[in-house]
Amino acid sequence: MSIFVDTNTKVVVQGATGHQGQFHIGEMLNFGTKVVAGVTPGKQGEEVHGVPIFNTVQEAVMETDANTSLVLVPARFSKDAVFEALDAGITTLVVITENIPFHDAMEFVHYAMYKGAVVIGPNCPGIASPGKKAKVGILPSGIFVKGHVGVASRSGTLTYEIVNSLSERGIGQSTCVGLGGDPIIGTTFIDALNAFEQDTETKAVVLVGEIGGTAEEDAAEHITQHIRKPVFAFIAGRTAPPGKRMGHAGAIIARGKGTAKSKIKAFEKAGVKLASFPTEIADLVEKYG
Amino acid sequence: MSIFVDTNTKVVVQGATGHQGQFHIGEMLNFGTKVVAGVTPGKQGEEVHGVPIFNTVQEAVMETDANTSLVLVPARFSKDAVFEALDAGITTLVVITENIPFHDAMEFVHYAMYKGAVVIGPNCPGIASPGKKAKVGILPSGIFVKGHVGVASRSGTLTYEIVNSLSERGIGQSTCVGLGGDPIIGTTFIDALNAFEQDTETKAVVLVGEIGGTAEEDAAEHITQHIRKPVFAFIAGRTAPPGKRMGHAGAIIARGKGTAKSKIKAFEKAGVKLASFPTEIADLVEKYG
Amino acid sequence: MKLFEYRGKQLFQKYGISIPKGTVIEYEGDHSNLFFPCVLKAQVPVGGRGKAGGIQLAQTREVAKEKLAGIFQMKIGGFQVKKVLAEEKIGVKKELYLSYTLDRSRRMPLLMMSGKGGMDIESVADNLIFKEWINPLIGIQRFHIRGILAKLELEKDEEKKIAPIVLKLYKLFREYDCELVEINPLVISGDEQVIALDAKVIVNDDALYRHPDLVAEHQELTMLEKEAKEKGIAFIQLEGNIGVIANGAGLTMATLDALTHYKGKGGVFLDLGGTDDPEKVKQAFELMKKAKPKVILLNLFGGITKCDTVAKGVSTVISKEGIDCPVISRIKGCNEEIAKDILKDAGLITAGSLQDAAKRSSDLAGW
Amino acid sequence: MKLFEYRGKQLFQKYGISIPKGTVIEYEGDHSNLFFPCVLKAQVPVGGRGKAGGIQLAQTREVAKEKLAGIFQMKIGGFQVKKVLAEEKIGVKKELYLSYTLDRSRRMPLLMMSGKGGMDIESVADNLIFKEWINPLIGIQRFHIRGILAKLELEKDEEKKIAPIVLKLYKLFREYDCELVEINPLVISGDEQVIALDAKVIVNDDALYRHPDLVAEHQELTMLEKEAKEKGIAFIQLEGNIGVIANGAGLTMATLDALTHYKGKGGVFLDLGGTDDPEKVKQAFELMKKAKPKVILLNLFGGITKCDTVAKGVSTVISKEGIDCPVISRIKGCNEEIAKDILKDAGLITAGSLQDAAKRSSDLAGW
């Protein structure tokens, strides 16, 4: 198993013919991902790395049975793209695009719930399962090793660093999912934890959190009540001052909420093992067994 | 068993203190229904037949664990009332109110899907299960007898007539659900058929259809593919001219669609036994066994 | 409520959808605003006016006067022409079809477009009509429009001009609580303008209270139907000569159907609905009398509406005003016996079953 | 983007929410529109101005001149006062709190109201703050407003006046893509008017393109932060003296945290993000130099952003303009070895691990 993506994952890329689209279709194919279609209005009939391009997601789904969409379209067209994918029957969406207005994200996250679909992101690097040869997103392929640690993270590069250090120690990953750095995201730590708890391939979970919001506090409470697998965590932003957006739109201490202190305290209370430095996660997991 | 209502049904009545509300709370209580709360803004603390009144559905749900709502509020406030009930966690709604704008109904029907809730109606008489002593609506109590025929209908009085004639012959009912006479309704024949097919208490199904739309044609196709229990039907409006609304907003032959002829043909093709007169349904069911 | 073409076009204009230059002629001699050449279009709430001669071209004032006189004499589909719309003639390059309706099965607005505009859409092959469903939780989105336009095989330039029309028409459809808005044809003119040549707009009656700018006109109703509508009674005039009163729309329809079974023909559909108010019953019965049926068939199943309430209302009218046609009644349900007694006293014939009542009514009506 | 109080109040006015009569004073000598008595309110993008003396009452022109001179001298929360709002004084009967924010956990707008207006909402007891969540699929509905007002124990008459304000503020919140709109206090005045005494409006930066009427001002940013924003670089000035450059927000934060672990203090947060463009790296490094840190710590994990691209950008700046502070780098990932060579050639110190780099930077910065 794995979470959110597996060997049945068939990817359509929305925004396929742009620079980013072309590059990452190639990278995903190299990873072994079944990229079956691309969508760019007006470019029906073209191909990118042999992948056929369609005008609409509906046509792509009808022709290729795509079930997962990678959304790479610019922020101001993203809501439309997500709605289009959902109405076309896509059940898993990975939204890479950043700078999507929050109100747009709120609308499509709830519309996805109505459709019973999973949205990962927005403003996320995507998801990769090395064992299932399924990568939907822009994560660097080389850092992954097949294994039993599930990783869920609000950040990108920091996660690559952590995954890389796990891999260097021979600690492989079941699935690594980047949840996104925005305040409004479709899949939360709780959703990822529930999926990892169910996933027979995952033996331990690593959460990479940061300041802003209460996602980590919510997760801590959820872990206490529902999660039996060991959880490790790193929280970025211990030194961030209130009121400043630390690079991510979601990484901000606002109105007294979202401090690293509060998150660390909540995790400690829930028995989660915390690392002081990113690469220390590998030490903790190794020590655990 | 039964469908949509059972012994766990706890009813909150929205629009409880009006004339209709007071009368039907009494009737439902007499039927044996667990009417646990009423809602009328500004009347918190009052009682109707001993049932406590609350300002909001949320308070009613918190205090009484109501899970089903009967909506009796005027048409122009109905959308708000349905949204309120859904956000308060109500999972089954029976909307009696007629003359609700279609666009309002479309919105709340889909919002109910998002919430995973069942909406019966609008413009319907409600639902009754004599065996479960659960009636949510305005159907006359005296006509029902406990038994094994499931009835789903787009009309009110016509259904009472049919149910009454079944009861007079000693043919009891598992559940009788009035789906509503509007073009936009929450629960369709297909939904009711699926529920009756699952319901161990139901041995045969009676559908009461009428002109307008393609609900009967859709149902006929569904019966062919998915329904194993015997189905009997009556279609009203064989003599209705195109373009006239026959009393119900939904009973109209528009743009060549929705004729009785097309419905009868579809049902015949699906093996549904059709009655020429309302009371003939009882003959057919009796003959069947 | 079905709007007249010219009224629908006023709404189009409000939403920025181009329409031909035109003027409404309110009576035969009203020529002052005419221009030439012009197309004269009878304003009636039914289709088929073209075939009936309700659309005519006039090149000069002379011809226009003559043709207007003719059109104002016409009855089309039973409706007297009372207004004529005079419009400039548009040079047509392409004719498209564009509409929004309600899809009852999916409970959503349905957008339909076709490259085959200008003809009855029901006669257009299915594979030439393209559809997009608009989920009411999100409303229209760019992808709907992009998707449907891509299928119409238009020039890029035409797509760009039509896309905003598709969007604006949805706004009108939603904001005016429409059951139908249809532009057939939507034309691309010789000078590359996109113009709505016709307008069919049906507003949901139940939402009219939200649109005080639309005066309820209900042009498509007969005089008696209008009177009934004002009184809140479901009343429909049909072709036959038997008046049917019942409580509940389904029961009323079933009663009409039963008549047909016995070769009778319903002339009035009158549904008392769920009322238990004798005054309302009285009003309804008076309305029925005005329709002058040859026989009246009263079919009741008493529940919330009690049989005796209806019986009292009916007997009040008969005892006060008399009645000049036979009334057959069939009564069942709550307070059935009391009702039967009242009606017998009033001189009505009571039948045992619907079949019996329908047969006797049909025989009496002698169709 | 946080709007100044007076700008927020202009939006309130646009949405029909009453505000006190007032005028904006653009410079110290700008007295022409003043009226008396008036309240003088320093316009700064931070809270706490009341305690800092930024709100003062003036009964006469004399007093106003004197007080304005004082206020225009002030720096509040690090921000020089550049505008003052002069408002009529409102007689207060009741003070309420009203706001809409984003609930990140539920992914919905959150409506909050309290009868305890006029104080810091964080200091109000939880059971005195009432909440309604607004599902974005349906937007605000009557029941939300009815429900929350019922809990505030207001007079019926007051409820009726406040309900439309709650509705209008939601519209503003939604239509202007806000992260926060807050009225604290919303007052019922002595003469029973409902008036917004303060206005806090934060518009989502990413949606500013939809609001061309709002000129992006970003009053809350420093000069260098504004420059960075224009160039699309994530750059934040902090209190310390070590400049941190990394790629990715999480990694940059983690680098700052590592410094703190070794008693160092970050002075600049500079996130290169996912760029692989040497020109952008160059711009970012120049910006870093302008911030004049005592030490620069460069921490890279190469993936999409290749290590050598960053190294090239940095070495270009150093070779051209020189550098007057030590630069410690820690490089890992894609093209790590090439990058290390480039940086060594440019005279940078390379460290083996983040811990090592952080320790050496902190020691050099000598905090």
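In this text, all values refer to a predicted model and were calculated from it rather than measured experimentally.

Colleague: Would you take a moment to explain the overall build of chain C for this structure?
Modeller: Counting its regular elements, chain C contains 10 helices and 19 strands. Overall, the C-alpha framework of chain C stretches about 75 × 55 × 35 Å when taken along its three principal axes. For chain C, the proportion of its 367 residues judged to be buried stands at 57%. Residue pairs in contact within chain C that sit at least 24 positions apart in sequence constitute 68% of those at least 6 positions apart.

Colleague: Any chance you could explain unusual backbone geometry here in plain terms?
Modeller: Note on backbone geometry: most residues besides glycine have negative phi, and most peptide bonds are trans. With an omega dihedral of 10°, the bond running from B:Gly121 to B:Pro122 counts as a cis peptide bond. Following the sequence through the fold, B:Pro122 ends up in the loop between β7 (118-120) and β8 (126-129). Here the bond from C:Phe36 into C:Pro37 is cis, since omega is -5°, no more than 30 degrees from zero. Among the secondary structure elements, C:Pro37 is positioned in the loop between β2 (22-25) and β3 (38-42). Even without being a glycine, A:Asn123 presents a positive backbone phi close to 55°.

Colleague: Explanation requested: the side chain of B:Ser153 in the structure shown.
Modeller: All names here are of chain B. When you line up the elements, Ser153 lands in strand β10 (residues 146-153). The exposure class of Ser153 is buried, given its relative accessible area of 0%. A polar side-chain atom of Ser153 sits 2.9 Å from the main-chain amide nitrogen of Ser155. Separated by 2.4 Å, the side chains of Ser153 and Thr159 make a polar contact. Residues within four places of Ser153 in sequence aside, it is in contact with Thr159, Val177, Gly178, Leu179, Gly180, Phe189 and Val208.

Colleague: Help me out: how do you make sense of the interface of chain A and chain D in this one?
Modeller: The figure often quoted for interface size is the accessible area lost as the parts come together. Across the contact, 58 residues belong to chain A and 54 residues belong to chain D. Ranking the residues of chain A by area buried against chain D places A:His103, A:Arg255 and A:Phe277 at the top, with a combined share of 18%. Taken together, chain A and chain D are joined by eight salt bridges. Among the ionic pairs, A:Arg238 bridges to D:Asp257, the shortest N-O distance being 3.8 Å. Summed over the shared surface of chain A and chain D, the result is 21 residue pairs in polar contact (both at pLDDT 80 or more).

Definitions and limits used
As a convention, each chain's residues are numbered from 1 in the sequence order in which they are written. Lettering of chains starts at A and numbering of ligands starts at 1, both following the order in which they are written. Only residues with pLDDT of 70 or above have their local features reported here, since the model is predicted, and side-chain atom pairs are shown and tallied only from 80 upward, although totals for entire chains, interfaces and linings are computed over all residues. Side-chain figures throughout are based on the complete set of non-hydrogen atoms in the structure, without hydrogens or water. To qualify as a helix, a DSSP run of H or I must reach at least 4 residues; to qualify as a strand, a run of E must reach at least 2; elements of each kind are numbered from the N terminus. Classification of residues uses two cut-offs on accessible area relative to the type maximum, computed with a 1.4 Å probe and protein chains only: under 20% is buried, over 50% is exposed, and between them is partly exposed. It only takes one pair of heavy atoms within 4.5 Å for two residues to be counted as in contact. As used in this structure description, the phrase polar contact means that two N or O atoms lie within 3.5 Å; if the pair is within protein, one of them must be able to donate a hydrogen and the other to accept it, and residues adjacent in sequence are counted only when both atoms belong to side chains. Two parts placed together each lose some accessible area; with a 1.4 Å probe, that loss summed over both constitutes the buried area. The working definition used for a salt bridge is a side-chain nitrogen of Lys or Arg within 4 Å of a carboxyl oxygen of Asp or Glu.

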